[in-house]
Amino acid sequence: MEVCYQLPVLPLDRPVPKHVLSRRGAISFSSSSSLFGGPAPRQLSKRRGAISYDSEDQTALYIRMLGDVRVRSQLGFEQERRGSHPYLYVDFRILHSRPESAGPVSARNVRRLLSFQRYLNSSQFLRGIPASDPLSYILDDDYTGQAKLMLEKVGNWNFDIFLFDRLTNGNSLVNLTFHLFNSYGLIELFQLDMVKLRRFLVMIQEDYRSQNPYHNAVHAADVTQAMYCYLQEPKLAQTLTSCDLLLGLLAAATHDLDHPGVNQPFLIKTDHYLAALYKNSSVLENHHWKSAVGLLRESALLSHLPTEDRLSLEERLGSLILATDISRQNDYLSEFRSHLDKEDLCLTNGGHRHFILQMALKCADICNPCRPWKLCQQWSEKVTEEFFHQGDIERKHNLEVTPLCDRQSNSIANIQIASYTELCM
C-alpha cells in the first residue's frame, strides 16, 4: 500500500497533456465526478483499466503503470476485453462509490474500501487542505498487519476468506496466491518474473465477474486456500513435486475463470456461442481452461520455459480444471472408489498423483458445507442468490425455469439439500 505514495504526483493546478491522460493507469479527477456529486464514473468511461472522471479534464494524479498506450479516438477509448490491472499496489475503488445524494461529501454514506483516514486525507488533498499527521495512516498499517497475520494461518481450515478479502481491499485472490507461490518457493524454482506473476494474478482476479454472487474472485481464493490445505496433508506433502504444486495452485485460482453466473444447461438451451464452440460438452470448464491458458500466454509468465514443457503444463492444467465438471462426478467417484478398494494408489506414480490432484480440486470446489457454520451460511446464501438470478432470467425470457433456480418454489435449505445430495451420489 505504501508504494503508491512514493510515486511522483503532479499538482492539481498543473495541466497534464492529453497523451498522458490517455495512458492506461492515468487517474483523472474533476469537480463533475461522482466524488463531488456528479455522474458515476462508469457512465463517463468504459475503460476497465483506468479511473477517469471527466474525459475533458486537464488535471490529474498520474501513476505509472504496466501496460501499453492506447490512442484516444474521437469517440473515446477503444473497447478492450481486459483493463490495465490497476490493483497492482492500491485499490482505488472507493472512488466508484455511488453517492446517496448530491450533497457535500461529508453528508454521504461512502462505502469504505480504503481506510477512513486515508479517504479523508485524499479528499482533503483534493480540496487543497494540508495533509494531517502521518499517524493517520496507522489504521491502514493495522489492516495490512492483520492480513499478514491471517496468512500465517493460511493452512487453517477455519480461514475466513471474507475477512481476508476485506482486509486486502478486495484483492484476496492476488495476495493469497502470491503468498502461496512464495511460501512454496515456486518463484525461485521456476524462475518466475515477479512482475509478470503479479500481473498474471491481477489479470485472473479481474477476469472473475464481481457481479456474480458466488462464482467470483472470492470463491476462487477460497478454493485456492482449501486446495492448499489438501496439499499440506502429510502423505501428499511428502510426494508431490514442485510441478504438481504449481499446477494445483494455478488450477484452483483459475478453475472458474470468467464464469458467466449461469450453468451449462442454460448456455445450451439459449444457443450460447460457448455451447456451440465446445459442442455442449464441459462448456464452462473448457472456457475456464482456455481463458487461463490465454492469460498465461498474454502475461508471458511461462515464456522462458521450453515450448514442450509449457504446452505440457497447459494440458495438465486443463485436465485438472475439466475434472470440476459436475456432470462427470460419478466417473471420478467410481474411479476413486476402485482405487481405494484395490488399495493400488501409489503416489510415486505421476498419473496417480495427478488423479489425486483432480480429486483434491473437486473437493476444494465444493467444500463450503465443511467450513465453520458462519462461513458455510454465507456461501449458501450466495450460491442460492446466483441460482435464483438465473431463474429470474429464464422466467423473464419465457424459458423453462430450472427447478433449483426457482425462487418462488425453493428455499436456501431445500436447494442445499438437493444440490449436495446430487453431488454425493
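Just above sits the structure.
Keep in mind the model is a prediction, meaning the values are calculated, not measured.

**Student:** Any chance you could explain the overall build of the protein chain here in plain terms?
**Tutor:** Each helix and strand in the protein chain was counted, giving 19 helices and three strands. Buried residues in the protein chain amount to 48% of all 425 residues. Put simply, of all contacts in the protein chain between residues at least 6 apart along the chain, 70% involve residues at least 24 apart. Here the protein chain displays about 21600 Å² of accessible surface, and carbon together with sulfur accounts for 55% of that area.

**Student:** Would you take a moment to explain unusual backbone geometry for this structure?
**Tutor:** Excluding glycine, a negative phi dihedral is what most residues carry, and trans is how most peptide bonds are arranged. In this structure, D258 is a non-glycine residue whose phi angle is positive, near 60°. With respect to the element layout, D258 can be found in the loop between α11 (242-254) and α12 (264-269). One non-glycine residue, N398, adopts positive backbone phi at about 60°. Position of N398 among the secondary structure elements: in the loop between α18 (373-396) and α19 (412-424).

**Student:** When you look at helix α6 (residues 172-183) in this model, what are you seeing that I'm missing?
**Tutor:** Because an α-helix packs 3.6 residues into every turn, residues spaced three or four apart end up facing the same way. A rise of 1.5 Å per residue sets the reference length of α6, with its 12 residues, at 16 Å; its end C-alpha atoms lie 16 Å apart and thus fit the reference within 8%. Looking only at α6, the buried set comprises S172, L173, V174, L176, T177, F178, L180 and F181. One or two steps after α6, the chain reaches G185, where phi turns positive at roughly 75°.

**Student:** What's the story with the side chain of D406 in this structure? I'm lost.
**Tutor:** Tracing the sequence through the fold places D406 in the loop between α18 and α19. When its relative accessible area of 16% is taken as the criterion, D406 is described as buried. Polar side-chain contacts of D406 include one of 3.0 Å to the backbone nitrogen of Q408.

**Student:** How should the pattern of salt bridges be read in this particular structure?
**Tutor:** It is possible for side chains of opposite charge to pair when their charged atoms get near one another. In this structure the tally under the stated criterion is 10 salt bridges. For the salt bridge of R316 with D244, the shortest nitrogen-to-oxygen distance reads 3.1 Å. One end of the pair, R316, is in helix α15 (residues 307-322); the other, D244, is in helix α11, with 72 residues separating them in the sequence. One connected set of salt bridges, linked through shared partners, spans D244, R316 and R353.

**Student:** Please explain the environment of G391 as it appears in this structure.
**Tutor:** Its place among the elements puts G391 in helix α18. Here G391 falls in the buried class, since its relative accessible area comes to 0%. Put simply, G391 and P403 are 12 residues apart on the chain and 8.4 Å apart in space, counted from C-alpha to C-alpha.

**Student:** What is the right way to look at the packing of aromatic side chains in this model?
**Tutor:** The description of two aromatic rings rests on the distance between their centres and on the angle between their planes. What the rule picks out here adds up to six aromatic pairs. Each ring, one from F159 and one from F164, has its centre 5.6 Å from the other, and the planes form 55°; the classification is tilted. Across the pair, F164 and F159 agree in class, each one buried. Joined through ring pairs, the aromatic side chains of F162, Y214 and W379 make up one cluster. Sitting over the ring of F178, R198 keeps its end group 5.6 Å from the ring centre. Lying across the ring of W289, K290 places its NZ or CZ 4.0 Å from the centre.

**Student:** Would you mind going over the nonpolar core with me for this structure?
**Tutor:** A general tendency of soluble globular proteins is for nonpolar side chains to be buried together. Core analysis: the biggest nonpolar cluster contains 71 residues, and I161 and F181 have the highest contact counts within it. Lining this core are residues from two domains, each supplying at least three of them: domain 1 (140-366) and domain 2 (368-424). Apart from the residues within four sequence positions on either side, F181 is in contact with L186, I187, L192, L197, L246, L249 and L250. Residues V262, L274, Y278 and V283 belong to the second largest nonpolar core, which totals eight residues.

Calculation rules
Numbers given for residues are sequential positions, taken from 1 along each chain in its written order. For this predicted model, a pLDDT threshold of at least 70 governs which residues receive local features, and a threshold of 80 or more governs which side-chain atom pairs are given and counted, while totals over whole chains, interfaces and linings are taken from all residues. Hydrogen atoms and water are omitted, and side-chain values are computed over all heavy atoms in the structure. The way it works is that DSSP assigns letters per residue, a run of H or I at least four long becomes a helix, a run of E at least two long becomes a strand, and they are numbered from the N terminus. Exposure is judged per residue with a 1.4 Å probe applied to protein chains only, and the accessible area is read against the type maximum: over 50% gives exposed, under 20% gives buried, and values in between give partly exposed. Here, two residues are considered to be in contact whenever any of their heavy atoms come within 4.5 Å of each other. Here, Shrake-Rupley sampling with a 1.4 Å probe gives the accessible areas, and only protein chains in the shown set may cover a residue. Here the expected length of a helix is defined as 1.5 Å per residue gap, with one fewer gap than residues. Two N or O atoms form a polar contact when they lie within 3.5 Å of each other; inside protein one atom must be a possible hydrogen donor and the other a possible acceptor, and for residues adjacent in sequence the pair counts only when both atoms belong to side chains. The rule for a salt bridge is simple: a side-chain nitrogen of Lys or Arg has to be within 4 Å of a carboxyl oxygen of Asp or Glu. Stacked, edge-to-face and tilted are the three classes for Phe, Tyr and Trp ring pairs, Trp counted by its six-membered ring, which pair at centre distances within 6.5 Å; planes under 30 degrees apart are stacked, over 60 edge-to-face, the rest tilted. The criterion for a charge sitting over a ring is simple: Lys NZ or Arg CZ within 6 Å of the ring centre, and within 35 degrees of the ring normal. To define a nonpolar core, start from buried Ala, Val, Leu, Ile, Met, Phe, Trp, Tyr and Cys residues and group those joined through side-chain atoms within 4.5 Å. Each domain's limits were defined by an automated method or a database of domain assignments.

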